[in-house]
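# A structural walkthrough
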Amino acid sequence: MIHLPREETKLMVAVHGWSGIILGLLLYAVVLTGMVAVFAEEIGVWSAGHVAQGAAFERPIDAPLQKLARRTPAEFHEAVDVYEVGDRNLGLFFHLHETAPNGEVIERGINYQLDRSGRVVGEQRGTGEQVFGPSNDDALSHFLIDTHVQLHVPDPWGLLLTGILGLAMLVAAISGLLIHRHLFKDIFTLRRSASAVLVDRDRHSVAGTWSLPFAFILAFTGSFFSFYGTVGVPIVAMAAFGGSQEAFNETVYGSGEKPDPSPRITGSLDHIVADARGRIGQLPTFITIEQFGRADARVTTFHDPKAGGIEPVSLIYRGATGAYVRESPSIGTRPSVGGTLTAIMGPLHFGNFAGLASKSVWFGLGFAMCYVTFTGLRLWLVRRRDGGSALGWLERIVTVIGFGLPLALLGAAIGFFFTMPLGTAVFWTPASFLIVSAAAILAGFTIPTNGLLMRAHQIAIGALLVAMPPIRLLTGGPGWGAALAAGQPMIVAIDLMTFLAGVWTLWRLIAASRADNSNVSARLKPAE
Amino acid sequence: MPTTATVFSLAMLFLLWRENPKRRRTARLPGGNLTLASRQLCVMAALLPGIILALQGNASAFLMWLGSCAVGGWMIANFHPIGSGRQ
């Protein structure tokens, strides 16, 4: 392993510890919500009780598109996003691009939502941010993603903050690698009855060693997403395009073809979807139409990676004729190393390249990283406690955040279940999170010892996890039979996972309590 | 393919966990049965499926194997058999 001189090792330990303790709690929040957000799509289906069958792109979409285009002002025909939303509904966002006062390019237009029979069930005017914001039935999954992406801090500061946290994670991973002299020798060593410092040190270093490669990957890709739009694009636009992000977008993502604004009916989208499915073997996940109704219209279909690959695929078609043009790289018009690297950032970060199997692995890695962050914070505190400098208040903060955050997320889910049928979930999901957070903080002030505080939080977590499936069913969610019949085993799987996780949490507490009691009796016997 | 590769590598990791000298020493267990050379062979065997997947250019399977081994290895390290020595 890497052997640093004594002074440098001490410096690295200080860098590792202080970077962790200063940003560790926020990093923990980002990692924990990221771990849950790996299953955001499935949580969306589970929480809203979506049981409709047949993807939106399996139905004819060209006729509703042409019909809605006729009633939409021509200014919004600059681009159309076509996507699946809610319970297999179809979303169509006719929009134009405009530059905001801060130089950022934003979308503005009219969004339609069509149910499975093709009826317009929703119409909304606004910016892309408003249109794709949380709605009543996806408030929970949206809340999870927003917490992970920017901790609910306004743009651009939230993204900058999570980007910095990603860099802090990289610093902690590199310094951890440098200070650990016996990385492989200690990879299986977990002392359970040693001093508190050794127990916590082993837990932290073993989990950290196993998840080290992924700490690099997830921290790097996460920082990339945070800094790409907030720092990267504005800087490149300023340096090479006179500050115009629109010019940047056209150069980097544009077709490079000569504009032809003459009017032309856009070719059949149904034919394009069928052709794309034949080429890739799967339906698109998203479609964009640029310059709708013009001779130079361009349709791009976006797909998940092909079997064995991790790079998402997108295909380009001529809008006017529906003719296939080529596969589209994520950057520029020709395949490049930069384009491939940019394209794989998403799958590497979200772990969605091989469906549920890869998502489950990424969830496990997220859990390991939560564990590393939390045990790292505890180790820092236990070392100082053993060294005589008591930081009881910080220990309590670590407990309140470490256990209070998952508790508050469960509270948000329960708030969602009760309020979704009333149509008020967009407000009550974050409100429930805040109410449960306030209760956890209050417990931090009132419960006399840190041990009791930890136990109280864990009991509450276990109880809410066990109660989650019954609450979902009682508030109108589909039963297991209906979910399985509709081809949604995920609803049953998440119910089982939450219930079993709750039972495991409570069982561990009971086992720990029994062990404590038997230790007390063992100590009392010789005294008697 | 990634499932077979992962199962094989995890079996090797389990063997390495069982025979790990430092773990055995801290658990106050008697010395293991495998020599250093045998354990090194196990390490190579554990890595072999990943190398094959990487050489095949199967990025998805390689990442699945790597991630599963990371999570599985951590779980194996946490394995605490009933009646194992005091640590």
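Structural data are supplied above this passage.
Residues numbered from 1 in each chain as written. Chains lettered and ligands numbered in written order. Predicted model: local features only at pLDDT ≥ 70, side-chain atom pairs only at ≥ 80, totals over all residues. Heavy atoms only, no water.

### Some words on the sheet that holds strand β2 (residues 89–99) of chain A
Whenever strands of a sheet pair, they do so through backbone hydrogen bonds, lying parallel or antiparallel. Residue and element names in this part refer to chain A. As a reminder of what qualifies: One bridge is not enough; two strands pair if DSSP finds at least two bridges between them. Counting from the N terminus, the helices are the DSSP runs of H or I reaching at least four residues and the strands are the DSSP runs of E reaching at least two. Here the axes come from fitting lines to C-alpha atoms, over the contacting stretch only for helices, and the angles between their N-to-C directions go from 0 to 180 degrees.
Read from one edge to the other, the open sheet built from 8 strands follows the order β4-β3-β2-β1-β5-β6-β7-β8, with strand pairing classed as antiparallel. Of all the strands in the sheet, just β4 (120–127) and β8 (324–327) have a single pairing partner and so form its edges. Pairs of neighbouring strands in the sheet enclose a mean axial angle of 20°, with direction left out of account. For strand β7 (residues 313–318) and β8, the ladder comprises 3 bridges, and the chain directions are antiparallel. Residue pairing for β8: Tyr 317 is matched across the bridge by Tyr 324.

### Brief notes about the interface of chain B and chain A
When the parts of a complex come together, some accessible area is lost, and that lost area is often used as the size of the interface. For the record, the criterion: Whether two residues touch is decided by their heavy atoms; if any such pair falls within 4.5 Å, the residues are in contact. A 1.4 Å probe defines the accessible area here, and the buried area is the portion of it lost by two parts on being joined, summed over both. Salt bridges are counted wherever a side-chain nitrogen of Lys or Arg sits within 4 Å of a carboxyl oxygen of Asp or Glu. Counting of polar contacts relies on pairs of N or O atoms within 3.5 Å, with two restrictions inside protein: one atom must be capable of donating a hydrogen and the other of accepting it, and residues adjacent in sequence are counted only when both atoms are side-chain atoms. Note on residue categories: nonpolar means Ala, Val, Leu, Ile, Met, Phe, Trp, Tyr, Cys or Pro, charged means Asp, Glu, Lys or Arg, and polar means any other residue, Gly included.
Listed by partner, the interface residues are 26 residues for chain B and 29 residues for chain A. Of the roughly 2,400 Å² buried at the junction of chain B and chain A (both faces included), carbon and sulfur atoms supply 71%. Taken together, chain B and chain A are joined by 1 salt bridge. Lys 22 of chain B is paired through a salt bridge with Asp 186 of chain A; the nearest N and O atoms lie 2.8 Å apart. Applying the counting rule to chain B against chain A returns 4 residue pairs in polar contact (both at pLDDT 80 or more). For the side of chain B that touches chain A, the element with the most residues is helix α4 (residues 59–77) of chain B, which contributes 14 residues. Its residues assigned to classes, the side of chain B that touches chain A comprises 14 nonpolar, 10 polar and 2 charged.

### Remarks on the packing of aromatic side chains
Our working definition: Centres within 6.5 Å are what make two rings of Phe, Tyr or Trp a pair, Trp counting through its six-membered ring; a difference in plane orientation under 30 degrees is then read as stacked, over 60 as edge-to-face, and the rest as tilted. Exposure classes here rest on a 1.4 Å probe applied to the protein chains alone. A residue is buried below 20% of its type maximum, exposed above 50%, and partly exposed in between. Our definition puts a charge over a ring when NZ of Lys or CZ of Arg is within 6 Å of the ring centre and also within 35 degrees of the ring normal.
Enumeration according to the criterion identifies 28 aromatic pairs over all chains in this entry. Pairing Phe 286 of chain A with Phe 302 of chain A gives two aromatic rings, centres 6.1 Å apart and planes at 65°, and the pair type is edge-to-face. Here Phe 286 of chain A is found in strand β5 (residues 286–290), whereas its partner Phe 302 of chain A is found in strand β6 (residues 298–303), with 16 residues between them in sequence. On the accessibility criterion, Phe 286 of chain A (26% relative accessible area) is partly exposed. The partly exposed category is assigned to Phe 302 of chain A, whose relative accessible area is 31%. Ring centres 6.3 Å apart and planes at 50° place the aromatic pair Phe 14 of chain B and Phe 79 of chain B in the tilted group. Pair noted here: Phe 14 of chain B is in helix α1 (residues 2–19) and Phe 79 of chain B is in the segment after α4, with a separation of 65 residues, a long-range link. With relative accessibility at 42%, the residue Phe 79 of chain B sits in the partly exposed group. These aromatic residues form a ring-pair network of at least three members: Tyr 83, Phe 93, Phe 132, Phe 286 and Phe 302 of chain A. Here Arg 384 of chain A stacks its cationic end above the ring of Trp 380 of chain A, 3.9 Å away from the centre of that ring. Taking NZ or CZ as reference, Arg 23 of chain B lies 3.9 Å from the ring centre of Trp 17 of chain B, over its face.

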